[in-house]
Amino acid sequence: MPINASYEYFDAEKEYLNAATLEDKIYWLEEMIRRAPKHKSSENFVSELKRRLIKFKEKEEKGRKSSKGKKGIRKEGFQFVLVGLPNSGKSSVLSRITNASPKISSYGFSTTTPEIGTFYYEGVKAQVIDLPPIGSENFDIGIVNTADCVIGVVERTEEIEEIGKILTRAIGKKIIILNKVDLLDKEGLRKLEAKIKSKKINGVMFSALTGFNLERLKELMFEQMDVIRVYTKEPGKGKAKEPIVLPRGANVRDVAEKILKGFSAKVKDTRVTGPSSKFPNQRVSLSHELKDLDVVEFHTR
Ligand SMILES: Nc1nc2c(ncn2[C@@H]2O[C@H](COP(=O)(O)OP(=O)(O)OP(=O)(O)O)[C@@H](O)[C@H]2O)c(=O)[nH]1
Ligand SMILES: [Mg+2]
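Residues numbered from 1 in each chain as written. Chains lettered and ligands numbered in written order. Predicted model: local features only at pLDDT ≥ 70, side-chain atom pairs only at ≥ 80, totals over all residues.

**Student:** Can you help me understand the overall build of the protein in this one?
**Tutor:** Along the protein, the regular secondary structure elements total 9 helices and 11 strands. The C-alpha atoms of the protein give a radius of gyration of 26 Å, which is well past the 19 Å a tight globule of 301 residues would have. When the backbone C-alpha atoms are referred to their principal axes, the protein occupies close to 90 × 50 × 35 Å. For the protein, the residues scored as buried account for 28% of the 301 residues in total. (Helix = DSSP H or I, 4+ residues; strand = E, 2+ residues; numbered from the N terminus. Rg over C-alpha atoms; globule rule 2.2 N^0.38 Å. Buried ≥ 20, exposed ≤ 12 C-beta atoms within 10 Å, placed from the backbone.)

Below, the structure is given as structure tokens:
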């Protein structure tokens, strides 16, 4: 500890101790060196900081080399990213909700590079990325900042705050998976449920091990995507197998343009059955706003 250090120095030290990534650690260590007192008695202390800085920079360089040639992650459509402390169950969640089979193990820091999976939910597709844990040198804050939705995976509600600290630049939505609830007894479950309510946590109690609440989790993820699924139907036939996926707020004209490719003017009559209709086969205009799971029937003659 340097003698007569300024509070600016201690601020930098605090940031350094809380830094989640190697990049941030290097940044704050440099600040500590810059802000450290410049007198004889602190010389040893400062040179120790400089030694540490060199070590970190070597580590960073090594990481950069080993990640060279590895293909970057291309953002495809809607992107979720799983974030959490070591061992919280991120990789287990990835393997539950996507086709990916990442490494899962009982000791922390088992994920060392991002893993990608594809999430399918009733005709809707999204990308899910499993990251190394917060605190790992390979943790990728860039993906966290730009993802459409960050999913915090935690074992205890206290971890939510830890995750929040690194989300200062994250632009996406945020939801929480309270994982490993299979380890709780009835009383524990009840308490956790009460906590979620009182703290207004936007999340779901889950077990990657048993699949408890899997459907609820998928629904919550789907909600974050802000899309609706609309089924088209030809007169006299059943509804289409696969839905058309549209942004929330889309109307009948948007569907017509999509399937009739610019010929929405040909539509003479439209019927809607589903959540946005007052009754089955309701006749609606092109500006009628649709809801998730509506069935739309166009008559062009
Ligand atoms: N009981 C129980 N164990 C779980 C659950 N989910 C994961 N685990 C266990 O927790 C340990 C860590 O799981 P991982 O999925 O590897 O955790 P992770 O967050 O990806 O870990 P890191 O990549 O090291 O950060 C493993 O032993 C899993 O079997 C769960 O829902 N219930
Ligand atoms: Mg993992």
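**Student:** Looking at this structure, how should I read the domain arrangement of the protein?
**Tutor:** Often the size quoted for an interface is simply the accessible area lost on bringing the parts together. Looking at the assigned domains, one finds that the protein contains domain 1 (7–67), domain 2 (79–224) and domain 3 (227–299). Taken over C-alpha atoms, the centre of domain 2 sits 35 Å from the centre of domain 3. (Domains from an automatic or database assignment.)

**Student:** Whenever I open this one, helix H4 (residues 90–97) confuses me. Can you help?
**Tutor:** Along an α-helix, residues three or four positions apart point the same way, because every turn accommodates 3.6 residues. The buried count for H4 comes to 7 of 8 residues, which makes it a mostly enclosed element. Taken together, the buried positions of H4 are Lys90, Ser91, Ser92, Val93, Leu94, Arg96 and Ile97. Where H4 is buried, its residues touch strand E1 (79–83), strand E2 (115–121), strand E3 (124–130), strand E4 (149–154), strand E5 (173–178) and helix H8 (214–224). (Contact = placed C-beta atoms within 7 Å.)

**Student:** In this structure, what is going on with the environment of glycine 142? I would like to understand it.
**Tutor:** Within the element layout of this structure, glycine 142 appears in helix H5 (residues 141–146). Separated by 28 residues in sequence, glycine 142 and alanine 170 have C-alpha atoms that sit 8.8 Å apart.

**Student:** I keep staring at the sheet that holds E1 and nothing clicks. Help me out?
**Tutor:** Pairing between sheet strands relies on hydrogen bonds along the backbone, with the strands arranged either parallel or antiparallel. The 6 strands lie next to each other as E2-E3-E1-E4-E5-E6, forming an open sheet whose pairing is mixed. Unpaired on one side and paired on the other, E2 and strand E6 (203–205) mark the two borders of the sheet. Across the sheet, the axes of successive neighbouring strands diverge by a mean angle of 25 degrees, strand direction being ignored. Where E4 meets E5, 6 bridges bridge the pair, whose relative direction is parallel. Within E5, the position partnered with cysteine 149 by the bridge is lysine 173. Strand contacts of H4: E1, E2, E3, E4 and E5, with the helix running at about 160 degrees to E3, the strand carrying the most contacts. Along the sheet, helix H6 (residues 158–165) makes contact with E1, E4 and E5, crossing E4 at roughly 140 degrees. (Pairing = 2+ DSSP bridges. Axes fitted to C-alpha atoms, helices over the stretch in contact; angles between N-to-C directions.)

**Student:** Is there a simple way to explain the site of ligand 1 in this structure?
**Tutor:** Not every one of the 23 residues close to ligand 1 is listed here, only the nearest: Gly89, Ser91, Ser92, Thr111 and Pro133. Grouping the amino acids of the shell around ligand 1 by side-chain chemistry returns 7 nonpolar, 13 polar and 3 charged. (Near = placed C-beta within 6 Å. Nonpolar A, V, L, I, M, F, W, Y, C, P; charged D, E, K, R; others polar.)

**Student:** Even after reading the chapter, I still don't get the sheet that holds strand E7 (residues 227–233), so can you show me in this structure?
**Tutor:** Reading across from one edge, E8-E7-E11-E9-E10 is the order of the 5 strands in this open sheet, with mixed pairing throughout. Whereas interior strands pair on both sides, the edge strands pair on one side only; in this sheet they are strand E8 (244–247) and strand E10 (282–284). Here the average twist between neighbouring strands, direction ignored, is 40 degrees.

**Student:** Hey, could you run me through the packing of helix H1 (residues 7–18) against helix H2 (residues 22–35) in this one?
**Tutor:** Any two packed helices are characterised by the angle at which their axes cross and by the distance between the axes. Two elements in contact, H1 and H2, have axes separated by 8 Å at closest approach and are oriented at 160 degrees. Judged by the angle between their axes, H1 and H2 are roughly antiparallel. As for how H1 packs across H2, the hand of that crossing is left-handed. Across the interface between the two elements, Glu8, Tyr9, Ala12, Glu13, Glu15 and Tyr16 from H1 touch Lys25, Trp28, Leu29, Glu31, Met32 and Arg35 from H2. Of the residues assigned to the contact of H1 with H2, the class counts are 6 nonpolar, no polar and 6 charged. (Parallel < 35°, antiparallel > 145°, perpendicular 65-115°, else oblique. Left-handed = near helix turned anticlockwise from the far one by under 90°.)

**Student:** Could you clarify how one ought to interpret the nonpolar core in this entry?
**Tutor:** Nonpolar side chains in soluble globular proteins generally cluster together in the buried interior. The biggest cluster of nonpolar side chains holds 49 residues, and the ones touching the most others in it are Phe80, Val81, Leu82, Val83, Ile151 and Ile177. If one sorts the elements of this core by residue count, E4 sits on top with 5 residues. In contact with valine 81, not counting residues within four places along its chain, are Ile129, Leu131, Ile143, Val144, Ala147, Val150 and Ile151. (Core = buried A, V, L, I, M, F, W, Y, C linked by C-beta atoms within 7 Å.)

**Student:** Would you take a moment to explain the environment of lysine 57 for this structure?
**Tutor:** Relative to the elements of secondary structure, lysine 57 occurs in helix H3 (residues 43–67). For lysine 57, a count of 14 C-beta atoms within 10 Å corresponds to the partly exposed category. Residues lysine 57 and glutamate 23, 34 residues apart in the sequence, show an inter-C-alpha distance of 8.9 Å.

**Student:** When you look at the pairing of E7 in this model, what are you seeing that I'm missing?
**Tutor:** The side chains of a regular strand alternate between both faces of the sheet. Here 4 bridges tie E7 to E8, and the two strands are oriented antiparallel to one another. Bridging from a neighbouring strand, valine 227 pairs with proline 247 of E8.

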